[in-house]
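# A closer look at the structure
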Amino acid sequence: MPIYEYECKKCGKTFEIYQRITETSKDVKCPVCGEPDPQRKISAFSSCGTSGSGGYSSGGCSSSGHSSGFG
Ligand SMILES: [Zn+2]
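As a starting point, this report considers the structure included with it. In this text, all values refer to a predicted model and were calculated from it rather than measured experimentally.

## What to know about the overall build of the protein chain
When helices and strands are tallied, the protein chain shows 0 helices and 3 strands. The secondary structure elements of the protein chain, listed N-terminal to C-terminal, are β-β-β. Taking all 71 residues of the protein chain together, 6% fall into the buried category. Of the contacts made within the protein chain by residues no fewer than 6 positions apart, 36% connect residues no fewer than 24 positions apart.

## Examining the sheet that holds strand β1 (residues 3-7)
Neighbouring strands of a sheet are bound in pairs by backbone hydrogen bonds; such pairs are parallel or else antiparallel. Taken in spatial order, the 3 strands make up an open sheet running β2-β1-β3, and their pairing is antiparallel. At either margin of the open sheet sits one strand with a lone partner, and together these are β2 (14-18) and β3 (39-41). Across the sheet, the mean angle separating the axes of adjacent strands is 40 degrees when strand polarity is ignored. The pairing of β1 with β3 spans 3 bridges and is classified as antiparallel. By the bridge assignment, Tyr-6 is partnered in β3 with Arg-40.

## What to know about the pairing of β1
Here is the key point about a regular strand: its side chains alternate between the two faces of the sheet. Of the strand pairs in this sheet, β1 and β2 are connected by 5 bridges, and their pairing is antiparallel. Each bridged residue has a counterpart across the sheet, and for Glu-5 the counterpart in β2 is Glu-16.

## Re the environment of Pro-2
One can find Pro-2 in the segment before β1. Its 10 C-beta neighbours within 10 Å are what place Pro-2 among the exposed residues. Residues Pro-2 and Arg-20 lie 18 residues apart in sequence; the distance between their C-alpha atoms is 6.5 Å.

What counts, and where the lines are drawn
- Residues numbered from 1 in each chain as written.
- Predicted model: local features only at pLDDT ≥ 70, side-chain atom pairs only at ≥ 80, totals over all residues.
- Helix = DSSP H or I, 4+ residues; strand = E, 2+ residues; numbered from the N terminus.
- Buried ≥ 20, exposed ≤ 12 C-beta atoms within 10 Å, placed from the backbone.
- Contact = placed C-beta atoms within 7 Å.
- Pairing = 2+ DSSP bridges.
- Axes fitted to C-alpha atoms, helices over the stretch in contact; angles between N-to-C directions.

Shown next, in the form of C-alpha cells:
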C-alpha cells in the first residue's frame, strides 16, 4: 500500500497517510488541527528538482490538474 505525504495548510503539519490508488483524499484530515483537504506532497513522482517551502508556482512544472470546486 502506497504512502501519501500531506501537509496541512493551516498549521503546516506534515503527515503520512496510507491510501489506496483508487482512494481519494477527501477523507484526509490533519491529525493535529483537523483541517480538511490538506496539501498532498509528491515525493517519488516529482520530476522538478525544486525544493522550496511556501509559495505556489503557477506554470513551469507540469503536474496533474487539481479539480477545483467542492463536491
Ligand atoms: Zn493542521
